[in-house]
Every structure is written in C-alpha cells, then in structure tokens.
Amino acid sequence: MNHFNLITSLVLIGLTVLCFWLPYKNGNKRIGIVTGIILALIIAWTILAELEFLVIFIWPFILVFQIIFLTYWTFRIFKKPKIGKYVSVFLTLVFILLCMSPWISDWTFSKNDARKLLAEHSIELKDDFKILKNESGGFLDYAHTLKIQISESDKLRIENEIR
C-alpha cells in the first residue's frame, strides 16, 4: 500500500466515523449504524483484498456519498433540515453531471466541433456532411472515433491531397 492509499483510506475511515456519529448523535441510531457498517465494510474490503486498481473507481464514489451525507446531517443537527435537503440535492446533481461529463460532451458534439477536429489533421470540407458516429473516451489512453458521411467532391479532393 502506497502513501496515497494509506492517507486516503484514513480520511475515508475518519469520514465513515462521522457518517456513523452524526445520525447516531441526532437520535437516528439505526441510520448511523447501517451507514457506518456498510461504508466500513466497503473500505475494508478494498484495502484487505488489495484492489489497488479498483480503488480509483470505488473510493471517489464513497467520498462523494460521505460528503453529501455529512452535509445533510450537519444542517440537520443545526436545525436546518430544509437547507440540508436542498444543498444535498444540489451536490448530488453536481456530482452526477461531473460523472456524466464525458457522455455529455459526446452528446453535444456538433459539426463545428467536427470541423475543428478535422482541421487539426489539415482536412477541410467544402460541402455539407453528416455525423454518423461520435465516441470519445478512455481512462489511460484517450481515443476519439468520428465517422462522417462526406460528399463525393470532398472525398475526391481529399484523396488527391493525400496522394
């Protein structure tokens, strides 16, 4: 276990204790116990099973859950449950949008984006074209796949430029 995993696991365990303690202190013992046990088991499982590669996928979601959970319970302890609900919903939406940002960028890919991407490869299209497929992603290696339908005149002109 490297220093990053050690420090991160200690932070997550500390937050898990808070996720147990805040509801427990506020009179919701069952929620505190269940939340604390589930989070502790998941964290212990990732540490004991030496899931080094999965840690980067599992622990961010645990951290996000803990932040949202603690935000809600902190406001609730200070007798502001409505604010706690609104802030928790807002944080949930922000984290969902953050997680979905790769797909959102693919969904909003336009012809102008395709022209810019083609311009990086010194390809200019004179006529209109149709985007057939657009995918991007990759965790360690980024890849972008773009499939377009171009006019015959653009096709011939690009072929001549390449030759």
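Remember, it's a predicted structure, so these values are computed and weren't measured experimentally.

> Quick question: what am I supposed to make of the packing of aromatic side chains here?
How two aromatic rings sit relative to each other is set out by the distance from centre to centre and by the angle between their planes. Using the criterion set out here, one finds four aromatic pairs in the structure. Residues tyrosine 72 and tryptophan 73 carry aromatic rings whose centres are separated by 5.5 Å and whose planes lie at 85 degrees to one another, so their mutual orientation is edge-to-face. Residue tryptophan 73 is classed as buried on the basis of its relative accessible area of 2%. An aromatic cluster of at least three residues, connected via ring pairs, comprises Phe65, Phe69, Tyr72 and Trp73. We note lysine 111 situated over the ring of phenylalanine 129; from NZ or CZ to the ring centre the distance is 5.6 Å.

> Please clarify how the packing of helix α1 (residues 3–25) against helix α2 (residues 29–48) should be interpreted in this entry.
Relative placement of two packed helices is described by the angle separating their axes and the distance separating the axes. Where α1 contacts α2, the axes come no closer than 7 Å and their chain directions differ by 165 degrees. What the angle tells us is that α1 and α2 run roughly antiparallel. Taken as a pair, α1 and α2 cross one another with a handedness that is left-handed. Contact with α1, carried on its side by Ser9, Leu12, Ile13, Thr16, Cys19, Phe20, Pro23 and Tyr24, involves Lys29, Ile31, Gly32, Ile33, Thr35, Gly36, Leu39, Ala40, Ile43 and Ile47 of α2 and no other residues of that element. Taken together, the residues of the contact of α1 with α2 break down into twelve nonpolar, five polar and one charged.

> What is the right way to read unusual backbone geometry from this model?
What you tend to see is this: most non-glycine residues have negative phi, and most peptide bonds are trans. One non-glycine residue, lysine 79, lies in positive phi territory at about 60 degrees. The backbone of serine 122 sits at a positive phi, close to 60 degrees, despite the residue not being glycine. Residue placement: serine 122 occurs in the loop between α5 (111–119) and β1 (130–137).

> It is not clear to me how the pattern of salt bridges should be interpreted in this structure. Could you clarify?
As a working rule, side chains carrying opposite charge can pair if their charged atoms are close by. Tallying each qualifying case throughout the model produces four salt bridges. The shortest N-O distance in the salt bridge between glutamate 124 and lysine 126 comes to 3.4 Å. With respect to burial, glutamate 124 and lysine 126 carry one shared label: exposed. The closest approach of N and O atoms between glutamate 161 and arginine 157, which form a salt bridge, is 3.1 Å. One end of the pair, glutamate 161, and the other, arginine 157, are both in helix α6 (residues 152–162), four residues apart, so they sit about a helical turn from each other.

> Even after reading the chapter, I still don't get a nonpolar patch on the surface, so can you show me in this structure?
Together, Val34, Ile38, Ile42, Trp45, Phe53, Leu54, Ile56 and Phe57 make up an exposed nonpolar region whose accessible area comes to about 710 Å². Among the secondary structure elements, those contributing two or more residues to the nonpolar patch are α2 and α3 (52–77). Following the sequence through the fold, isoleucine 38 ends up in helix α2. Isoleucine 38 gets classed as partly exposed once you look at its relative accessible area, which sits at 45%.

> Just checking my understanding: could you explain the packing of α3 against helix α4 (residues 81–107) for this structure?
Packing of α3 against α4 leaves a shortest axis separation of 7 Å and a crossing angle of 165 degrees. Considered as vectors, α3 and α4 are oriented roughly antiparallel to each other. Crossing of α3 over α4 shows right-handed handedness. Contacts between α3 and α4 involve Phe61, Val64, Ile67, Ile68, Thr71, Tyr72, Phe75 and Arg76 from the first element and Pro81, Ile83, Gly84, Lys85, Val87, Ser88, Leu91, Thr92, Phe95 and Cys99 from the second. Among the residues forming the contact of α3 with α4, the class breakdown is twelve nonpolar, four polar and two charged.

The rules behind each value
- Residues numbered from 1 in each chain as written.
- Predicted model: local features only at pLDDT ≥ 70, side-chain atom pairs only at ≥ 80, totals over all residues.
- Heavy atoms only, no water.
- Phe/Tyr/Trp six-rings, centres within 6.5 Å; stacked < 30°, edge-to-face > 60°.
- Buried < 20%, exposed > 50% of the residue type's maximum accessible area, 1.4 Å probe, protein only.
- Lys NZ or Arg CZ within 6 Å of the ring centre and 35° of its normal.
- Axes fitted to C-alpha atoms, helices over the stretch in contact; angles between N-to-C directions.
- Helix = DSSP H or I, 4+ residues; strand = E, 2+ residues; numbered from the N terminus.
- Parallel < 35°, antiparallel > 145°, perpendicular 65-115°, else oblique.
- Left-handed = near helix turned anticlockwise from the far one by under 90°.
- Contact = heavy atoms within 4.5 Å.
- Nonpolar A, V, L, I, M, F, W, Y, C, P; charged D, E, K, R; others polar.
- Salt bridge = Lys/Arg side-chain N within 4 Å of Asp/Glu carboxyl O.
- Patch = residues over 30% accessible without salt bridge, like charges linked within 9 Å, V, L, I, M, F, W, Y side chains within 5 Å.
- Areas by Shrake-Rupley, 256 points an atom, 1.4 Å probe, with all protein chains shown as cover.

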